[in-house]
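Chain by chain, the residues run as shown.
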Amino acid sequence: MRRQFSHTYTARYDEGDCYGHLTPSAFLRYMQDIAALDAEDIQLPGDGYWIIKRTMIDFTAPVQMHTRLEMQTYGMGFSRITAQRGYEARIAGAPQDQPVISAHSLWVYVDKRGRPTRLPEGTAAIWLPDGPVAPSPEASFAPMPQGAPETTTYRVRFSDIDLMKHMNNAAYVEILDNAAWEIYTRADMTPETAILAARQYDIEYLESARLGEKLEIRTWFDDFPSAGKSFTRYQQVWRGDTLLARARSNWLYSLAGSSTHSEAEGR
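Residues numbered from 1 in each chain as written. Predicted model: local features only at pLDDT ≥ 70, side-chain atom pairs only at ≥ 80, totals over all residues. Heavy atoms only, no water.

*Asks:* Whenever I open this one, the overall build of the chain confuses me. Can you help?
*Replies:* Counting secondary structure elements, the chain contains 4 helices and 10 strands. Scanning the chain from its N terminus toward the C terminus, one meets helices and strands in the order β-α-β-β-β-β-α-β-α-β-β-β-β-α. Across its three principal axes, the chain shows a C-alpha extent of roughly 55 × 50 × 30 Å. With 267 residues in all, the chain has 47% of them scored as buried. For the chain, contacts bridging at least 24 residues in sequence account for 72% of all contacts bridging at least 6. Total accessible area computed for the chain in this model is approximately 13400 Å², and 49% of it derives from carbon and sulfur atoms. Looking at the chain, you have 28 positive and 34 negative side-chain charges, and the mean spots of the two groups are 5 Å apart. (Helix = DSSP H or I, 4+ residues; strand = E, 2+ residues; numbered from the N terminus. Buried < 20%, exposed > 50% of the residue type's maximum accessible area, 1.4 Å probe, protein only. Contact = heavy atoms within 4.5 Å. Areas by Shrake-Rupley, 256 points an atom, 1.4 Å probe, with all protein chains shown as cover. Lys, Arg positive; Asp, Glu negative; His and termini not counted. Charge placed at Lys NZ, Arg CZ, Asp CG, Glu CD.)

*Asks:* Please clarify how the environment of tyrosine 201 should be interpreted in this entry.
*Replies:* Of note, tyrosine 201 is situated in strand β7 (residues 194–205). Taking the C-alpha atoms as reference, tyrosine 201 lies 22 Å from threonine 190; in sequence the two are 11 residues apart. Within the structure, the side chain of tyrosine 201 is placed 2.8 Å from the side chain of aspartate 177, a separation counted as a polar contact. Reaching out from tyrosine 201, the side chain makes a polar contact with the side chain of arginine 233 at a distance of 3.1 Å. (Polar contact = N/O pair within 3.5 Å; in protein donor to acceptor, adjacent residues only side chain to side chain.)

*Asks:* Hey, could you run me through the UniProt feature "domain: Acyl-ACP thioesterase N-terminal hotdog" (unreviewed entry) in the chain in this one?
*Replies:* Under the local residue numbering, the UniProt record ascribes the feature "domain: Acyl-ACP thioesterase N-terminal hotdog" (unreviewed entry) to residues 4–115. Between the end C-alpha atoms of residues 4–115 the distance is 28 Å, and the span holds 17% helix and 44% strand. (UniProt positions renumbered as here; feature names shortened; annotations may be inferred.)

*Asks:* What should I look at first to understand the pairing of strand β4 (residues 82–91) in this one?
*Replies:* On any regular strand, side chains alternate: one points to one face of the sheet, the next to the other face. Across the 10 residues that make up β4, a large majority, 8, are buried. Here strand β3 (residues 68–78) runs beside β4; their pairing, made up of 9 bridges, is antiparallel. Of the residues in β4, the one forming a bridge with methionine 71 is alanine 89. As judged from the 8 bridges shared by β4 and strand β5 (residues 101–110), these two strands associate in the antiparallel manner. Considered in β5, the bridge of threonine 82 is made with valine 108. (Pairing = 2+ DSSP bridges.)

*Asks:* It is not clear to me how the packing of aromatic side chains should be interpreted in this structure. Could you clarify?
*Replies:* Both the distance between ring centres and the angle between the ring planes are used here to describe each pair of aromatic rings. By the definition in use, this model includes 11 aromatic pairs. On the basis of an interplanar angle of 75° and a centroid distance of 6.1 Å, the ring pair of tyrosine 201 and tryptophan 251 is categorised as edge-to-face. Of this pair, tyrosine 201 sits in strand β7 while tryptophan 251 sits in strand β10 (residues 242–255); the two residues are 50 residues apart in sequence, bridging distant segments of the chain. Put simply, the rings of Trp181, Tyr184, Phe221, Phe224 and Phe231 pair up and form one aromatic cluster. In this arrangement the basic side chain of arginine 2 is found over the ring face of tyrosine 74, its NZ or CZ atom lying 3.7 Å from the centre. Over the ring of tryptophan 238 we find arginine 218, and its NZ or CZ is 4.4 Å from the ring centre. (Phe/Tyr/Trp six-rings, centres within 6.5 Å; stacked < 30°, edge-to-face > 60°. Lys NZ or Arg CZ within 6 Å of the ring centre and 35° of its normal.)

*Asks:* I keep staring at the domain arrangement of the chain and nothing clicks. Help me out?
*Replies:* A common measure of how large an interface is: the accessible area buried when the components associate. Its domain assignment divides the chain into domain 1 (1–137) and domain 2 (144–257). The distance between the C-alpha centroids of domain 1 and domain 2 comes to 22 Å. Every contact between the two is made by 21 residues of domain 1 and, on the other side, 25 residues of domain 2. Of the roughly 1900 Å² buried between domain 1 and domain 2, counting both surfaces, carbon and sulfur atoms make up 55%. Summed over the three residues of domain 1 that lose the most area to domain 2, namely Tyr19, Lys53 and Phe59, the buried surface amounts to 27% of that side. The tally of links between domain 1 and domain 2 comes to 2 salt bridges. The closest approach of N and O atoms between glutamate 174 and arginine 29, which form a salt bridge, is 3.3 Å. (Domains from an automatic or database assignment. Buried area = accessible area lost by both parts, 1.4 Å probe. Salt bridge = Lys/Arg side-chain N within 4 Å of Asp/Glu carboxyl O.)

*Asks:* Which parts of the structure should I look at to understand the sheet that holds β5?
*Replies:* By way of backbone hydrogen bonds, the strands of a sheet pair with one another, either parallel or antiparallel. Ordered by their spatial adjacency, 10 strands build an open sheet running β1-β3-β4-β5-β2-β7-β10-β9-β8-β6, and the pairing between neighbours is antiparallel. Where the open sheet ends on each side, the last strands, each with one partner, are β1 (4–10) and β6 (150–155). Each neighbouring strand pair of the sheet contributes to a mean axis angle of 25°, computed without reference to strand direction. When β7 meets β10, the two strands line up antiparallel, connected through 11 bridges. Along β10, the bridge assignment pairs isoleucine 203 with alanine 247. The sheet strands contacting helix α1 (residues 24–42) are β1, β2 (49–59), β3, β4, β5, β7 and β10, and the helix crosses β1 at an angle near 135°. Of the strands in this sheet, β2, β6, β7, β8 (214–221), β9 (230–239) and β10 are in contact with helix α3 (residues 169–186), which crosses β7 at around 135°. (Axes fitted to C-alpha atoms, helices over the stretch in contact; angles between N-to-C directions.)

*Asks:* Explain unusual backbone geometry here, please?
*Replies:* At glutamine 43, a position not held by glycine, the phi torsion is positive, near 55°. Here histidine 66, not a glycine, exhibits a phi torsion of approximately 75°, which is positive. Examined against the element boundaries, histidine 66 turns out to sit in the loop between β2 and β3. For histidine 66, a relative accessible area of 53% puts it in the exposed group.

Now the structure itself:
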């Protein structure tokens, strides 16, 4: 039977967007936190660090601020240098079997120089005591659409960096979402009329950005957002000629006060 670790989070006011919904970046921070708490609970040996290479999140419905989330994390599979970890979040006290948010991530174990290194002896057995399981194959990352992207720029701030002195994975999602809103407002979409709810987020981290570096965010859409419909957004983060991260996210666009928005809130 696999090990599971549980923790309860309350969506704080500052973790919500202007609609009062928990942001994708805030949930990513929950994912980082519960993984760290799990590792601390078992007193994982070794002097290396874990860094995320890819994260995929499914949002069943928006989570309102001040909602209590009962969250679980567990190991899914291990290789010599990687670990695949699952996450499930349910609304505390709600009569539901399915999580309101589910996710999995691929982590790489690195040494103090940031180079991949072998997991501490017995790591896999801690989470999978019945025997080792290899990580499930990750789906191929969706190609970017044809055509010229919309572009915005960003300079990495001190508040974006983490213990490894590089840009935290949740900070990438914040700049991706902010870049998208720069594009939306150019098309006269505003938070007063356009309500966007995340359905899926898939982000892959390829290289690390550091304090003070100037980044370019490139954004494409399958179809530009249209009220009452879902759309897919494709994005890349570049530092000069180096691709740092790429993401694919799916969103539901509804008008404020519309029945579509009310249904999404009640799912």
